[in-house]
Amino acid sequence: MSGFIDGYYRFAVWVTRFAYLNLLWIAFSLLGLGLFGLFPATASMFAVVRKWVQGEKDIPILAVFWKSYKREFLKINVLGYILAAAGYVMTMEFQILRTQEHIAYTIASFAIIGLFLLLAVIMLYIFPVFAHFQLRSLDYIKWALLIGIGHPLLTVFLFGIVIAISYLSFMTIPALFFFFGGSVIAYIIMWGVQLTFSKMEKSLV
């Protein structure tokens, strides 16, 4: 009986932690008016789950989150908006190409889709890499892409998890995403990506 109670207590503690972190993510995204808050809030969320993945379970969540938010606010916003601008340009280019009837433009539009996939890979890995390493801004993009391409099975698995959790949450109980979606997804991504970091660390030595 005591084992069941202990297990339930640990489960309740982790549920509370994930919910608290998710609410911090939402609140600090809004604190930056969304436009300037989303990227640093997401980076801060990954800074917290990185410590959880590494076994630091009893950290002061708000303190770790706020420290990362302040320290990385400018850097991650610059990096995030470089990627956002790239996505915007590709979207506009794709729409223009699709309005043309020549076969060359159709082929070029498929090339844009390929670039979109590469951008999606970068976005999947950029925050774990950012949370774990201290690099120059463009190096985060380079290593996020290299890890994603170098570990295709992991990339497909993580994309599948993100899509599945998001879909099931919105189709069943949308409130679950509000309380747990971001933090649970961040934890799973961080857990998967950190398995590749030992090879990356050797390359950086």
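The structure under discussion appears in the preceding block.
Residues numbered from 1 in each chain as written. Predicted model: local features only at pLDDT ≥ 70, side-chain atom pairs only at ≥ 80, totals over all residues. Heavy atoms only, no water.

So, the nonpolar core
For soluble globular proteins, the rule of thumb is that nonpolar side chains tend to be buried together.
Stage number 1. Counting 51 residues, the largest nonpolar core has Phe65, Tyr125, Ile126 and Val129 as its most contacted members.
Stage number 2. Considering each element in turn, this core owes the most residues, ten residues, to helix 4 (residues 103-132). (Core = buried A, V, L, I, M, F, W, Y, C linked by side-chain atoms within 4.5 Å. Buried < 20%, exposed > 50% of the residue type's maximum accessible area, 1.4 Å probe, protein only. Helix = DSSP H or I, 4+ residues; strand = E, 2+ residues; numbered from the N terminus.)

A few points about the packing of aromatic side chains
Stage number 1. Inspection of the entire model under this criterion finds 18 aromatic pairs.
Stage number 2. Both rings, one in phenylalanine 133 and one in phenylalanine 197, keep their centres 5.1 Å apart while their planes meet at 85°; by these two values the pair is edge-to-face. Linking phenylalanine 133 in the loop between helix 4 and helix 5 (137-150) with phenylalanine 197 in helix 8 (residues 197-204), this pair joins segments that are 64 residues apart in sequence.
Stage number 3. Phenylalanine 133 sits in the buried class, given a relative accessible area of 9%.
Stage number 4. Taking 5.1 Å as the distance between ring centres and 90° as the angle between the ring planes, the aromatic pair formed by phenylalanine 178 and phenylalanine 179 counts as edge-to-face.
Stage number 5. According to the relative accessible area criterion, phenylalanine 179 is partly exposed, its value standing at 36%.
Stage number 6. Just above the ring of tryptophan 14 sits the side chain of arginine 17; from NZ or CZ to the centre is 4.5 Å.
Stage number 7. One residue, arginine 98, lies across the ring of phenylalanine 110, its end atom 5.2 Å from the ring centre. (Phe/Tyr/Trp six-rings, centres within 6.5 Å; stacked < 30°, edge-to-face > 60°. Lys NZ or Arg CZ within 6 Å of the ring centre and 35° of its normal.)

What to know about the pattern of salt bridges
Stage number 1. For the coordinates displayed, the defined rule picks out five salt bridges.
Stage number 2. One salt bridge in this structure joins arginine 136 and aspartate 139, with 3.1 Å as the shortest N-O distance.
Stage number 3. What makes arginine 136 exposed here is its relative accessible area of 64%.
Stage number 4. Linking lysine 142 and aspartate 139 is a salt bridge whose minimum nitrogen-to-oxygen distance equals 4.0 Å. Taken together, the residues span about one helical turn, with lysine 142 and aspartate 139 both in helix 5 at a distance of three residues. (Salt bridge = Lys/Arg side-chain N within 4 Å of Asp/Glu carboxyl O.)

Side note on a nonpolar patch on the surface
Stage number 1. On the surface, a nonpolar cluster with roughly 390 Å² of combined accessible area is contributed by Tyr20, Leu31, Leu62 and Trp66.
Stage number 2. Counting residues per element, the ones that place at least two in the nonpolar patch are helix 1 (2-31) and helix 3 (61-98).
Stage number 3. As for its position among the elements, tyrosine 20 is in helix 1.
Stage number 4. The exposure class of tyrosine 20 is partly exposed, given its relative accessible area of 35%. (Patch = residues over 30% accessible without salt bridge, like charges linked within 9 Å, V, L, I, M, F, W, Y side chains within 5 Å. Areas by Shrake-Rupley, 256 points an atom, 1.4 Å probe, with all protein chains shown as cover.)

Looking at helix 7 (residues 174-194)
One turn of an α-helix holds 3.6 residues; hence residues three or four places apart share an orientation.
Stage number 1. For helix 7, built from 21 residues, the straight-helix expectation of 30 Å at 1.5 Å per residue is met to within 8% by its first-to-last C-alpha distance of 29 Å.
Stage number 2. Maximal helix bending in helix 7 amounts to about 60°, located at phenylalanine 180.
Stage number 3. Along helix 7, the residues classified as buried are Phe177, Gly181, Gly182, Ser183, Ile185, Ala186, Ile189, Met190, Gly192 and Val193. (Expected span 1.5 Å × (residues − 1). Bend = angle between axes of the 7 residues up to and from the residue.)

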